[in-house]
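# Architecture at a glance
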Amino acid sequence: MAVTIKSEREIQLMREAGIILAKTHEELEKALHAGMTTYQVNKLGDEIIRSFGCVPSFLNYNGYPASICVSVNEEVVHGIPSKKRILKDGDVVSLDAGVIWKGYHSDAARTHIIGEGSDKAKELVKVTRECFYEGIKYAIAGNHLNDICKAIGAYAKERGYGVVRDLVGHGIGTHLHEDPEVPNFDMKRGGIKLQPGMTLAIEPMITAGRDEVVWLDDDWTVVTDDNSLAAHYENTILITEGEPEILSLRKL
């Protein structure tokens, strides 16, 4: 699949999808509390997405059994919601969600802390979000893809954090995952030249320990190999003639 350049009509549909996804994340953040099961998080997220007339991107995607990926503490991504997993104070909870609106996808992730949380957890979540914003400083037409990737990885490493290398961001549009892959580390090569109309899901996945991850027996849940905390922050962005536009974040 080649990297697609979106038309004005396609961009507008992706904006609409992004706003719906942003609202979904806002509602989920308000609802999160200790004592809630990850199954309940997923159920609520599914209901919110459908209330806007959207379809969840993730449900049954390559067999994934839920609408919201709920990953807790050492779980990096793709945590499967469960009635048995109860959130408690101090948990670091990453919510990854996608919506399909009139044939176009938006994809975004947020990491939250239940209750007060430790200083270590707060700093990890903060730095992960900052990695995204550091990366998109370079999401400018004429730059190369690796300018984004290199900036994300360097920002995390300079602060002593691990950068997951086995999972990457991606292009997005009529498919949830399109070309190009968008790593969170220096690829040692320039990669494609960025052009207006490209849409990318940029998603730093950062750990409080080492880079290495492993897959659990469910074949979905990815956890840190050293059991350290992990955080995930993602938005769908548009390359423009000027500054990048974040499609999955509402302009409040």
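The model shown is predicted, which means the values in this text are computed figures rather than measured ones. (Residues numbered from 1 in each chain as written. Predicted model: local features only at pLDDT ≥ 70, side-chain atom pairs only at ≥ 80, totals over all residues. Heavy atoms only, no water.)

### Here we look at the pairing of strand β8 (residues 178–182)
As a reminder, the rule being used: Each pair of strands is called paired provided DSSP finds at least two bridges between the two strands. Here a strand is any run of E in DSSP of at least two residues, a helix any run of H or I of at least four, and the numbering for each starts at the N terminus.
Two elements, strand β7 (residues 169–171) and β8, share three bridges in a ladder whose sense is antiparallel. The partner of Gly169 across the bridge, within β8, is Val182. Two successive antiparallel strands, β7 and β8, enclose a turn made up of six residues.

### As for the sheet that holds strand β11 (residues 213–215)
Sheet strands pair via backbone hydrogen bonds, and the direction of the pair is either parallel or antiparallel. Rules: Lines fitted to the C-alpha atoms define the axes, with helices restricted to the stretch that makes contact. Angles between their N-to-C directions range from 0 to 180 degrees.
With antiparallel pairing, three strands are arranged side by side in an open sheet as β3-β12-β11. The open sheet has two free edges, formed respectively by β3 (75–77) and β11, since each of these has just one partner strand. Across the sheet, the mean angle separating the axes of adjacent strands is 40° when strand polarity is ignored. Alignment of β3 against strand β12 (residues 222–224), held across two bridges, turns out to be antiparallel. Each residue of the ladder has a partner; that of Glu75, found in β12, is Val223.

### Focus on helix α4 (residues 145–158)
An α-helix turns once every 3.6 residues. As a result, residues three or four positions apart point the same way. The following threshold applies: Multiplying 1.5 Å by the helix residue count minus one yields the expected span of that helix. Under the scheme applied here, a residue whose accessible area is under 20% of the maximum for its type counts as buried, over 50% as exposed, and between as partly exposed, the area being computed with a 1.4 Å probe on protein chains only. Whether two residues touch is decided by their heavy atoms; if any such pair falls within 4.5 Å, the residues are in contact.
Its 14 residues give α4 an end-to-end C-alpha distance of 21 Å, which sits within 8% of 20 Å, the value for a rise of 1.5 Å per residue. Among all positions of α4, only Leu145, Asn146, Ile148, Cys149, Ala151, Ile152, Gly153, Tyr155 and Ala156 are buried. On its buried side, α4 packs onto α3 (119–136), β6 (162–163), β8, β9 (199–202) and β10 (205–207). Following α4 by one or two positions, Gly160 adopts a phi angle in the positive range, close to 85°.

### What about the UniProt feature "binding site: substrate" (unreviewed entry) in the protein?
Short version of the rule: UniProt positions are given in the numbering used here, feature names are shortened, and annotations may be inferred rather than shown by experiment. The definition of a polar contact used here is a pair of N or O atoms within 3.5 Å, where within protein one atom must be able to donate a hydrogen and the other to accept one, and adjacent residues in sequence count solely through side-chain atom pairs.
Look at the UniProt record and you will see "binding site: substrate" (unreviewed entry) annotated at His78 and His177. Among the structural elements, His78 can be located in the loop between β3 and β4 (92–101). Overall, the relative accessible area of 23% leaves His78 in the partly exposed class. When residues no more than four places from it in sequence are discounted, the contact partners of His78 are Tyr64, Cys69, Ser71, Leu167, Trp220, Thr221 and Val222. Tracing the chain through its elements places His177 in the loop between β7 and β8. Looking at His177, its side chain comes within polar contact range of the side chain of Tyr61, at 2.8 Å.

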